[in-house]
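Spelled out, the chains give:
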Amino acid sequence: MKNKQKILEEKIAEAKLGGGANRIEAQHKKSKLTARERLHFLLDEGSFEEIGMLVTHRSTEFGLDKEKYLGDGVVTGYGTINGRLVYVFAQDFTVFGGSLSETHAAKICRVMDLAIQNGAPIIGLNDSGGARIQEGVVSLGGYADIFYRNTLASGVIPQISAVMGPCAGGAVYSPAITDFILMVENTSYMFVTGPNVVKTVTHEEVTSEELGGASAHSTKSGVTQFSCANEPECINMIKQLLSYMPQNCEDDPIALPYESVEESRPALNDIIPANPNQPYDMHDVIAEVIDEGTFFEVHKKFAENIIVGFARLAGRSIGIVANQPAHLAGVLDIHSSTKAARFVRFCDCFNIPLLVFEDVPGFLPGTDQEWNGIISNGAKLLFAFCEATVPRITVITRKAYGGAYDVMNSKHIGADMNYAWPDAQIAVMGAKGAAEIIFKKEIAEAADHEKKLKEKEQEYNELFANPYKAAEHGYIDEVILPEDTRKKLITAFKMLENKVAKLPKKKHSNIPL
Ligand code: HXC
């Protein structure tokens, strides 16, 4: 028995060494942790149970039969994060550059299947040179097996991808299908074709980091929701992110106990500037309304004219979508619409109630927006809200103009409660534009055009630049003082706690992609 135990111990030690001490050292030199170190920091201490530690590849081409590593370049299994079950895989760059072989893919598929069957989140830590080049098509097949499961798991369990090294070619499509991507600055990149191909085809000179680093994808493309300064920050962010989510689509998000609930927040009364064209930071509104310090912003640096993120209200997890008047006046454009639409759909998949703060002057005009499809992209946000069956509440803090009024979780598209602050202006457009159109003739005929315009602007303002017309129609349930917003929201979300809303029977909808 002693001898057999020794064999087992030797195998475990060998597996834990991955591609060997030298390659581990090379990994550390690049400021990267190994797959096992990452899992050690991610999971609760002592909770990791490994699956498939002794798996090896079955390839024989190019001398691979003589080069085998236990585990075959990916560490898979399950464990807990703050006591909650999660399934994990971490690619091991020290073994064939973390490249994906047939068996490597099978190991990932196995934990994905378990995660789906047992209703728990799956977290993938990606660090890979792509398809195992020596294996050819079986590697490509392995990728497709993963993409297929990513898609089946979508909306069933939360899927989180951290990109902590290379992730290139078709390999990018697994993270892309998952709910959230986190990237680490300077040590990770994602692209469909790398700098060399780009140079050959388009003659552009660009580095990997410029082309597909965390900064590019968190600000320009929006592919990643989170750009992390280093690996420990990335791992911490995964844990934080997870804390707002339920285990699966049939669960509710974890609720924290909360003591003092219904307080007034007088600081909210002073946030909206007297001049309706002056910007203010919607983060200040959010921070005052929610439980202190609980805002976890998603896609922080992308399409900053809309803010999305998770928070807690009276200990409950909520998703916030808010126009940001401090950036492009909070206008809706292509990027802000798609950013918010994806977030709304995530929240709806996983029973996270939605809170909308609205201050929107309309959609962004221009050829760039029209030619790049603001119509179908704006429709995504509209569609996402229309379809969402979770409790939905809107607070109009200032402007709610034009089509954007309808889109931003209006009563008409299924919002449950709609509040407005006394400063709200709910109208087809701003007073000046409106006066110029409807009183065009009168203004042209007046001796003093400017004076007449001002007069008509004033007239339109008095009639429509307030929340009361909308309240008369019942489109606004209540006009509330800003200081009462928190307690109104807590009471309303409690009232909506057992909401049941069903969509008409269908195979699936056809969102304007
Ligand atoms: C097999 C690979 C590999 C791969 C790296 N290695 N990529 N082995 N298949 N795809 C091995 C190297 O041979 C090396 O082995 C070790 O991993 C570390 O690689 P280095 O090149 O020394 O590391 P580094 O300088 O950091 O460069 C990393 C890298 C580079 C940028 C990822 O290795 C690289 O360009 N690899 C090839 C990338 C690629 O073209 N992949 C296929 C893409 S197509 P030793 O023994 O020296 O440690 C694809 C299709 C997917 O992925 C389609 C899905 C639908």
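Let us look at the structure shown here. (Residues numbered from 1 in each chain as written. Predicted model: local features only at pLDDT ≥ 70, side-chain atom pairs only at ≥ 80, totals over all residues. Heavy atoms only, no water.)

1. What about helix 11 (residues 282-289)?
Buried residues of helix 11: Met282, Val285, Ile286 and Val289, and no others. Projected onto a plane normal to the axis of helix 11, the buried residues spread over an arc of 95 degrees and lie on a single side. Of the surrounding secondary structure, the elements contacted by the buried residues of helix 11 are strand 11 (306-313), strand 12 (316-323), strand 13 (354-360), strand 14 (392-401) and helix 20 (485-495). (Buried < 20%, exposed > 50% of the residue type's maximum accessible area, 1.4 Å probe, protein only. Helix = DSSP H or I, 4+ residues; strand = E, 2+ residues; numbered from the N terminus. Arc of directions from axis to C-beta. Contact = heavy atoms within 4.5 Å.)

2. Considering the pattern of salt bridges
Counted according to the given criterion, the structure contains 25 salt bridges. Measuring nitrogen to oxygen at the nearest pair gives 3.2 Å for the salt bridge that ties lysine 456 to glutamate 442. Taken together, the residues span a long stretch of sequence, with lysine 456 in helix 18 (residues 449-464) and glutamate 442 in helix 17 (residues 440-445) at a distance of 14 residues. With a relative accessible area of 8%, lysine 456 lands in the buried category. Taking relative accessible area as the criterion, glutamate 442 reaches 37% and is therefore assigned partly exposed. We note a salt bridge from glutamate 455 to lysine 452, for which the minimum N-O separation is 3.3 Å. Note that glutamate 455 and lysine 452 are positioned in helix 18 at a spacing of 3 residues, about one turn of the helix. (Salt bridge = Lys/Arg side-chain N within 4 Å of Asp/Glu carboxyl O.)

3. A look at the packing of helix 12 (residues 334-349) against helix 14 (residues 374-387)
One way to put it is that helix 12 packs onto helix 14 with a least axis distance of 8 Å and a crossing angle of 25 degrees. Considering the angle they form, helix 12 stands roughly parallel to helix 14. Along this stretch, helix 12 crosses helix 14, giving a crossing that reads as left-handed. Where helix 12 approaches helix 14, its residues Ile334, Ser337, Thr338, Ala340, Ala341, Val344, Arg345 and Asp348 are matched on the opposing element by Ile374, Asn377, Gly378, Lys380, Leu381, Ala384, Phe385 and Glu387. Counted by class, the contact of helix 12 with helix 14 contains 8 nonpolar, 4 polar and 4 charged residues. (Axes fitted to C-alpha atoms, helices over the stretch in contact; angles between N-to-C directions. Parallel < 35°, antiparallel > 145°, perpendicular 65-115°, else oblique. Left-handed = near helix turned anticlockwise from the far one by under 90°. Nonpolar A, V, L, I, M, F, W, Y, C, P; charged D, E, K, R; others polar.)

4. Considerations on the side chain of asparagine 305
Inspection of the secondary structure puts asparagine 305 in the loop between strand 10 (296-298) and strand 11. Within the local environment of asparagine 305, its side chain forms a polar contact with the side chain of aspartate 333, the two groups lying 3.2 Å apart. Setting aside its immediate chain neighbours within four residues, asparagine 305 contacts Ala322, Asn323, Gln324, His327, Leu328, Gly330, Val331, Asp333 and Ser336. (Polar contact = N/O pair within 3.5 Å; in protein donor to acceptor, adjacent residues only side chain to side chain.)

5. Section: the nonpolar core
Judged by nonpolar contacts, the single largest core of 55 residues is most densely connected at Leu42, Ile123, Leu125, Phe226, Phe310, Val321 and Leu381. For valine 321, the residues in contact, after removing those within four places along its chain, are Ile306, Ile307, Val308, Ala340, Phe343, Val344, Leu354, Leu355, Val356, Phe357, Phe385 and Met408. In terms of nonpolar packing, the next biggest core, distinct from the first, is built from 29 residues, Leu313, Ile393, Tyr419 and Ile490 among them. (Core = buried A, V, L, I, M, F, W, Y, C linked by side-chain atoms within 4.5 Å.)

6. A word on the sheet that holds strand 4 (residues 122-126)
Across the sheet, 7 strands lie side by side as 1-2-3-4-5-7-9; this open sheet has mixed pairing. The open sheet is flanked by strand 1 (49-51) and strand 9 (226-228), the only strands paired with a single partner. This sheet shows a mean twist of 20 degrees between the axes of neighbouring strands, independent of strand direction. Of the pairings in the sheet, the one linking strand 7 (residues 180-184) to strand 9 comprises 3 bridges and is parallel in character. Considered in strand 9, the bridge of methionine 183 is made with serine 227. Across the sheet, helix 4 (residues 102-118) lies against strand 1, strand 2 (74-81), strand 3 (84-91), strand 4 and strand 5 (159-163), angled at about 165 degrees from strand 3, the strand it touches most. (Pairing = 2+ DSSP bridges.)

7. Focus on the side chain of aspartate 179
Tracing the backbone shows aspartate 179 in the loop between helix 6 (173-177) and strand 7. Among buried Asp, Glu, Lys and Arg side chains, aspartate 179 stands out as unpaired, with arginine 342 the closest opposite charge at 4.6 Å. A distance of 2.8 Å separates a polar atom in the side chain of aspartate 179 from the backbone nitrogen of glutamine 159. Not counting chain neighbours up to four residues away, the residues in contact with aspartate 179 comprise Ile157, Pro158, Gln159, Gln225, Arg342, Phe346 and Phe350. (Lys, Arg positive; Asp, Glu negative; His and termini not counted.)

8. Topic: the state of the cysteines
One pass over the structure, following the stated rule, counts 0 disulfides. Between cysteine 234, a free cysteine, and cysteine 228, which holds the nearest cysteine sulfur, the sulfur-to-sulfur gap is 4.1 Å. Residue class for cysteine 234 comes out buried when judged on its relative accessible area of 0%. Free of any disulfide, cysteine 347 has its nearest cysteine sulfur in cysteine 349, 9.1 Å distant. (Disulfide = S-S within 2.5 Å.)

9. Brief notes about unusual backbone geometry
In terms of backbone geometry, most residues other than glycine have negative phi values and most peptide bonds are trans. Positioned with a positive phi, asparagine 82 is a non-glycine residue whose angle comes to about 50 degrees. Phi at leucine 328 takes a positive value of approximately 50 degrees, unusual for a residue other than glycine. With respect to the secondary-structure elements, leucine 328 resides in the loop between strand 12 and helix 12.

10. Regarding the environment of glutamate 459
Mapping glutamate 459 onto the fold places it in helix 18. For the pair glutamate 459 and serine 154, spaced 305 residues apart in sequence, the C-alpha to C-alpha distance is 51 Å.

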